[in-house]
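Read off the chains here:
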Amino acid sequence: MDIRQDIRNIAIIAHVDHGKTTLVDAMLRQSGIFRENEAVAERVMDSNDLEKERGITILAKNTAVNYNGIKINIVDTPGHADFGGEVERVLKMVDGVLLLVDAFEGSMPQTRFVLKKALSLNLKPIVVVNKIDRPEARPDEVVDEIIELFIELGADDDQLEFPVVFASSREGFAVCDLGGERIDLKPLFNMIIEKVPAPKGDLSGTLQLLVSNIDYDEYVGRIAIGRVERGSVKLGQQAIICKKEGHVINAKITKLYCYEGLKRIEANEAKVGDIVAVSGVGDVTIGDTICEVGMPDPLPFVAIDEPTLSMT
Ligand code: GDP
């Protein structure tokens, strides 16, 4: 097993409006990767028209921030129960989650729904009690509610010892205890680096890239997004797509991207643990595995057509 100490892969899970978009914006601003003249658009992760229309985040999009030389890939998750299957796929790409909870509203149906999925995938959440700047905030009570929720959902002892960070995404600070000095998001970044396991995998094995999302770009067409689960992938490489239906088709990696800030950046190679986007893979769909020529080895597919309306 090779350990990628230079990466952390996380998802932020929350009830809608508890502040995911605002938190990601603040993390981007404070990670200092933006040139000074490059403003972060407001509500950056909600750029999709459909999302604007509905006012909720539908497509999981990726962002990456650098903190002390470590790249934190942040995959956004849908904020609505109807997209439960997508939450699960997204969570398969990460090694840790931030469970974001409004310090006034506390646990809401979607908090429970996404936490249940994260716990069942054996992820150990970091609880972020957000919006502590709100005058009516009741952070201590909310922490108690969350403890109860963990117990109710059958969290194991390890998961129950979740770390807590109190934050205001809007004001851009986080503290480990409520009396702490409210300066910036460093306490949150440090918690992520310390508590989220670095990705692990076999770098010398043959390529396995599990496709967890599809994007579209007007210049390069269909883009497959996923995590390199084994080996490495190179620009220009011939590959095969192991379709989830069981057959195999040929493909070529004509473009390879990693994430930096809000952008996809072209890369020559990506390794086990990296979250990447590739194009040149025309017929690819969610659930397929991209492998080396002659080495088909599909990963299990996470079904998404299950009924997801139940919140229990
Ligand atoms: P999302 O649906 O989880 O992405 O939530 P948003 O980031 O869009 O935030 C929803 C609303 O809560 C917006 O009006 C934000 O301005 C507000 N909000 C987000 N974070 C904070 C915070 O830390 N404090 C306060 N007071 N409001 C916040």
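Parameters and conventions
Residues numbered from 1 in each chain as written. Predicted model: local features only at pLDDT ≥ 70, side-chain atom pairs only at ≥ 80, totals over all residues. Heavy atoms only, no water. Helix = DSSP H or I, 4+ residues; strand = E, 2+ residues; numbered from the N terminus. Buried < 20%, exposed > 50% of the residue type's maximum accessible area, 1.4 Å probe, protein only. Contact = heavy atoms within 4.5 Å. Areas by Shrake-Rupley, 256 points an atom, 1.4 Å probe, with all protein chains shown as cover. Core = buried A, V, L, I, M, F, W, Y, C linked by side-chain atoms within 4.5 Å. Salt bridge = Lys/Arg side-chain N within 4 Å of Asp/Glu carboxyl O. Pairing = 2+ DSSP bridges.

A. Main features of the overall build of the protein chain. Broken down by element type, the protein chain carries 7 helices and 19 strands. Counting every position in the protein chain, which comprises 312 residues, the buried fraction comes to 54%. A separation threshold of at least 6 residues defines the contact pool for the protein chain, and within that pool the share at least 24 residues apart is 70%. Here the protein chain displays about 14000 Å² of accessible surface, and carbon together with sulfur accounts for 48% of that area.

B. Layout of the nonpolar core. With 40 residues, the main nonpolar core has Leu 91, Leu 99, Val 129 and Phe 150 as its most contacted residues. Beyond its immediate stretch of four places on either side in the chain, Phe 150 contacts Leu 99, Leu 115, Leu 119, Pro 125, Val 127, Ala 155, Gln 159, Leu 160 and Phe 162. One finds Val 24, Leu 28, Ile 74 and Phe 189 within the second-largest nonpolar core, a separate group that totals 27 residues.

C. Inspection of the pattern of salt bridges at higher detail. All told, the structure shown has 17 salt bridges when counted by the stated rule. One salt bridge in this structure joins Arg 4 and Asp 274, with 3.2 Å as the shortest N-O distance. In this pair, Arg 4 sits in the loop between β1 (2–3) and β2 (7–14) while Asp 274 sits in the loop between β17 (269–271) and β18 (275–279), placing the two residues 270 residues apart along the sequence. The burial state of Arg 4 is the same as that of Asp 274; both residues are buried. The residue Glu 136 makes a salt bridge to Arg 134 at a minimum N-O spacing of 3.2 Å. The exposure class of Glu 136 is partly exposed, given its relative accessible area of 36%. Each of the salt bridges in this network shares a partner with another, and the network as a whole consists of Asp 102, Lys 131, Arg 134 and Glu 136.

D. Local environment of the pairing of strand β3 (residues 62–67). Buried residues dominate β3, accounting for 5 of its 6 residues. Of the pairings in the sheet, the one linking β3 to strand β4 (residues 70–76) comprises 6 bridges and is antiparallel in character. Bridge pairing in β4 links Val 65 to Ile 72. Connecting β3 to the next strand, β4, in antiparallel fashion are 2 residues, including Asn 68 with a positive phi near 50°.

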